[in-house]
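Residue-level listing of the chains:
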Amino acid sequence: MRNIESKIKQLIQEIDFHNSQYHGLDNPKISDSEFDQLVRTLIKLEHEYPHLIQPDSPTQRVGSKPIQGFTQVDHLTPMLSLDNVFSSDDLLSFENRIKDRLSLDKDVEFIAEPKLDGVAVNLVYESGKLEYATTRGDGVTGEDVTHNVLTIKSIPMKLNSIPPPKTIEIRGEIIITKKDFETMNNVNAKTGLKVFANPRNAAAGSIRQLDPNVAQNRPLKFYAHGYGMLSNQEDFSSHQDVIRFLRNSGIITSPYSTLVKGTSGCIMFYEKIDALRDSLDFEIDGVVYKVNKLSFQKDLGFVSKAPRWAIAHKFSSVEVESKIIDVNFQVGRTGTITPVAKLKPINVGGVMVSNATLHNMDEIKRKDIRNGDYVFVRRAGDVIPEIVSINKKKRGEKTKEIIFPKKCPSCESDIVRKDGESAAKCTGGSHCPDQIREGLKHFVSRKAFDIDGLGEKIIDQLLVSNMIKSTSDLYALDAEKIISLERMAERSTDKLISSIKASKAISFERFIYAQGINDVGLATSKALADNFPTLEDLINTDMHQLMNIHDIGPVVAKNILMFFAVEQNLNNIRRLIKMGVQIEYRPRHDNQILKNQTFVLTGSLTSMSRIEAQEIIENNGGRVTSSVSTKTSYLVAGKKPGSKINKANDIGVTIINEDQLVSLINNG
Ligand code: IVH
């Protein structure tokens, strides 16, 4: 029996290896029929000895049933994004900032890689076993897409590394190669299936499906470019070490990953990849440079949502010439006035563009832009189109200087620009119609109150007809009022009324985010919701409390305090609650049954996932750590526990199973 078990394990290892050679590296080492033979042998053995089926067997990969809905999962460490540079000058400034911060006088060593245009995913391996996979989501919380990720054969269900790390979050991109994309689209066109616009859309569409059969039939590939949580990070001193470790563990990483020195090394790499770009079999939109030394990465940290130790050097995208017909000044939710050029409509890389941001007055001066100029317009990724430069040769006599207004175009209040700031702001605050309008749009948006069916046009009508003045007025709307609006019929009215009603139950963090406080995005809202038991506690907070929250700096803290100091904001919030908005607070972690107790989880749990177990423990005031020590109160052991159980026995830590965990919580 022992022999059979080891034969099965060996077959799994071989099949995993060949899967990764074939699907991941395009470098098959055996013929298709030899591969099929390996799989058939495994299936036969598993059939004869069903009790020896291993959970990581390739035969156990895909459940064919669609899932009911996506579960939200918090990442163990946030999934950051990257800031961009478009020029060598900006890149030099990036390296200089790093040198200044670290007091270095030598060139910085970077790992340079192509920037894949795919879908970011996070793979979580516990003791070497793929536990789950998530999308990036908002960077803090993603969606569980394990069922689809398991269909990607080049992603191993088990890491080869011995011993594997206790926990590792492997970060990378799911892509479809250009060749596979073309073949797939040709077949789809012939068979009447969906034809995709580009490989990225096809990959994203495949990962966000409830039914894993869809992803299984799409040629998805995964390339790792980094990690999030890594329990044995101290074993590595450089990013290159980690990449090497991932490769040795059976994870596919970029074959172009290169160690370069200083800005000049980066630029050489950029030029090489730019020249290769068309011949590469995957879509890229630039290159990424990451500081190689991990201790430097740690010292540099991150700001907002992007690390200070990495940057994306984007390829300049298509630039097209057009003409400025006029310049408008738009008022944002927080009063920032943005000059926007109205352009003669033009097709930029497949999208019709008729507006482009001019950012602010400094930019207009720097680029010497005048109303009526011929300009080069660029669209980079999903960002708002911008004017790169003007075509001076074509400048006629009729161009006009762009003059920044002194009064807000919406409410006529004064516009001020504080010293040292590039943004000019309307001082009308909650009296400014445009600020109110943008604030309402933010309030109803998907990540805030998520009121489906309440689009820009309806908001405009509601404002013009004076039916709403603030966000709390939305909850005083009734069918009679809504049906009186243009193009609203009975059915659409009913639908809107029920979305408004459904939006009343809202998590604390979304409630905070929806208020549109300056610089308070989703991540900050979550930090606030985690740190304040109730809304009243948040309203009554002070500078000291706010500054004690990780990631909240003095500017954001001041914005929060200023927001709650405005009587009108407070009245509106109180009215929201009076109108039936119910904030759902997360269970608090203090004064609870598992307070001061530390748990370690091992093995596979049956009645709940590891993440659920962790949540249950934390929601009852306990803490979960990854390794057993004398500080551990309990080791919760599931099936097939690893070496942690021996350590727990050695140092006398109490070992319990999941039922005992539940009764500990229920009975104290
Ligand atoms: S490193 C802290 N390397 O680009 C984030 N990212 O626009 C470090 N991406 O969120 C990311 N190729 O999903 C890195 N070779 C590469 C990449 C890459 C694509 C994605 C990644 C990131 C996004 C930012």
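What counts as what
Residues numbered from 1 in each chain as written. Predicted model: local features only at pLDDT ≥ 70, side-chain atom pairs only at ≥ 80, totals over all residues. Heavy atoms only, no water. Pairing = 2+ DSSP bridges. Helix = DSSP H or I, 4+ residues; strand = E, 2+ residues; numbered from the N terminus. Axes fitted to C-alpha atoms, helices over the stretch in contact; angles between N-to-C directions. Contact = heavy atoms within 4.5 Å. Parallel < 35°, antiparallel > 145°, perpendicular 65-115°, else oblique. Left-handed = near helix turned anticlockwise from the far one by under 90°. Nonpolar A, V, L, I, M, F, W, Y, C, P; charged D, E, K, R; others polar. Near = heavy atom within 4 Å. Polar contact = N/O pair within 3.5 Å; in protein donor to acceptor, adjacent residues only side chain to side chain. Areas by Shrake-Rupley, 256 points an atom, 1.4 Å probe, with all protein chains shown as cover. Buried < 20%, exposed > 50% of the residue type's maximum accessible area, 1.4 Å probe, protein only. Lys, Arg positive; Asp, Glu negative; His and termini not counted. Salt bridge = Lys/Arg side-chain N within 4 Å of Asp/Glu carboxyl O. 1 Å grid on protein atoms, 1.4 Å probe; cavity = no way out; pocket = protein on both sides within 12 Å on 5 of 7 lines; lining within 4 Å. Points joined across faces, edges and corners; volume = space filled by probe spheres on them.

Peer 1: When you look at the sheet that holds strand β7 (residues 167-175) in this model, what are you seeing that I'm missing?
Peer 2: Backbone-to-backbone hydrogen bonds pair the strands of a sheet. The strands run either parallel or antiparallel. The four strands are arranged β5-β4-β7-β8 in an open sheet whose pairing can be described as antiparallel. The open sheet has two edge strands with one neighbour each: β5 (129-135) and β8 (221-230). With strand direction ignored, the average angle separating the axes of adjacent strands in the sheet is 30°. Bridge count between β7 and β8: seven bridges; the pairing is antiparallel. Residue pairing across strands places Ile170 opposite Tyr227, the latter belonging to β8.

Peer 1: Where do I start with the sheet that holds strand β2 (residues 84-85) in this structure?
Peer 2: Strand order in the open sheet made by the five strands is β2-β13-β10-β3-β9, with mixed pairing throughout. The two strands at the open ends of the sheet, each matched to only one other strand, are β2 and β9 (258-261). Here β2 runs beside strand β13 (residues 310-314); their pairing, made up of two bridges, is parallel. Across the sheet, the residue bridging to Asn84 is Ala312, located in β13. Seen against the sheet, helix α3 (residues 88-102) touches β2, β3 (109-116), β10 (284-291) and β13 and runs at an angle of roughly 175° to β13. In the packing of helix α9 (residues 262-276) onto the sheet, the strands contacted are β3, β9, β10 and β13, and the crossing angle to β9 comes to about 135°.

Peer 1: Explain the side chain of Ser20 here, please?
Peer 2: Relative to the helices and strands, Ser20 is located in helix α1 (residues 2-24). When near neighbours in sequence (up to four residues on either side) are disregarded, Ser20 contacts Leu25, Ser154, Gly250 and Ile252.

Peer 1: Could you clarify how one ought to interpret the packing of helix α12 (residues 433-444) against helix α13 (residues 456-464) in this entry?
Peer 2: It is at 10 Å that the axes of α12 and α13 come closest, and there the two elements cross at 135°. The pairing of α12 with α13 is recorded here as oblique in orientation. The interaxial crossing formed by α12 with α13 has right-handed handedness. Judged by residue contacts, Ile436, Arg437, Leu440, Lys441 and Val444 of α12 engage Glu456, Ile459, Asp460 and Leu463 from α13. Residue composition of the contact of α12 with α13, grouped by class: five nonpolar, no polar and four charged.

Peer 1: Would you mind going over the environment of Ser354 with me for this structure?
Peer 2: Considering the arrangement of structural elements, one finds Ser354 in strand β16 (residues 351-357). Counting along the chain gives 122 residues from Ser354 to Asn232, while the straight-line C-alpha distance between them is 52 Å. Beyond its immediate sequence surroundings of up to four residues, Ser354 is in contact with Ala341, Lys342, Leu343 and Pro345.

Peer 1: What is the right way to read the site of the ligand from this model?
Peer 2: Around the ligand sit Leu80, Leu82, Glu113, Pro114, Lys115, Leu116, Ala120, Glu173, His225, Val288, Lys290 and Pro307, and those are all the residues in its vicinity. The side chain of Glu173 places a nitrogen or oxygen atom 2.3 Å from an oxygen atom of the ligand. Protein chains shield 86% of the accessible area of the ligand, which is 520 Å² for the free molecule. When residues of the shell around the ligand are assigned to their parent elements, the largest contribution, four residues, is made by β3. Counted by class, the shell around the ligand contains seven nonpolar, one polar and four charged residues.

Peer 1: Could you clarify how one ought to interpret unusual backbone geometry in this entry?
Peer 2: Trans peptide bonds make up the majority, and among non-glycine residues the majority have a negative phi. Look at the link from Ile162 to Pro163: it is a cis peptide, with omega at -10°. Examined against the element boundaries, Pro163 turns out to sit in the loop between α4 (146-149) and β7. Positive phi is not limited to glycine here, since Ser127 has a value of about 45°. Its location among the elements puts Ser127 in the loop between β4 (119-126) and β5. A residue is classified by how much of its surface remains accessible, and Ser127, at 40% relative accessible area, is partly exposed.

Peer 1: Would you mind going over the environment of Phe17 with me for this structure?
Peer 2: Inspection of the secondary structure puts Phe17 in helix α1. Overall, Phe17 belongs to the partly exposed group, its relative accessible area being 42%. As a C-alpha pair, Phe17 and Lys29 span twelve residues in sequence and 9.4 Å in three-dimensional space.

Peer 1: Please explain the side chain of Glu658 as it appears in this structure.
Peer 2: Tracing the sequence through the fold places Glu658 in helix α24 (residues 658-667). Of the side chains with opposite charge, Lys639 lies nearest to the buried Glu658, which makes no salt bridge, at 7.9 Å. A distance of 2.8 Å separates a polar side-chain atom of Glu658 from the backbone nitrogen of Thr606. If near-sequence neighbours (up to four positions away) are discounted, Glu658 is found in contact with Leu605, Thr606, Ser607, Met608 and Val636.

Peer 1: Which parts of the structure should I look at to understand the pattern of salt bridges?
Peer 2: A side chain with one charge may pair with a side chain of the opposite charge, provided their charged atoms come close. Scanning the entire structure with this criterion turns up 29 salt bridges. Arg244 serves as the salt-bridge partner of Asp241, at 3.5 Å between the closest nitrogen and oxygen. Of this pair, Asp241 and Arg244 are both found in helix α8 (residues 239-248), three residues apart, which corresponds to roughly one turn of the helix. Between Arg366 and Glu363 there is a salt bridge; the shortest N-O distance is 3.2 Å. Remark: Glu363 and Arg366 occur in helix α11 (residues 361-367); sequence separation between them is three residues, near one turn of the helix. Classification of Arg366 as exposed rests on a relative accessible area of 60%. One connected set of salt bridges, linked through shared partners, spans Arg437, Glu438, Lys441, Glu456 and Asp460.

Peer 1: Sorry if this is basic, but what is going on with the packing of α3 against α9 here?
Peer 2: Interhelical geometry of α3 versus α9 gives an angle of 140° and a closest axis separation of 9 Å. If you check the angle between α3 and α9, you find them oblique. Here α3 and α9 pass one another in a crossing that is right-handed. Here α3 contributes Ser88, Leu91, Leu92 and Glu95 to the contact with α9, which in turn contributes Gly262, Thr263, Cys266 and Ile267. For the contact of α3 with α9, the residue count by class is four nonpolar, three polar and one charged.

Peer 1: Whenever I open this one, the layout of surface pockets confuses me. Can you help?
Peer 2: Take a probe with the size of a water molecule and roll it over the atoms, and the empty space left behind shows itself. The computed volume of the second largest pocket comes to approximately 1400 Å³. Looking at the second largest pocket, it is lined by 39 residues, and the ones nearest its centre are Arg333, Gly429, Gln435, Phe563 and Asn569. Looking at the lining of the second largest pocket, the elements that each hand over two or more residues are β20 (424-426), α12, α20 (554-565) and α21 (567-578). Broken down by class, the residue content of the lining of the second largest pocket amounts to twelve nonpolar, 18 polar and nine charged.

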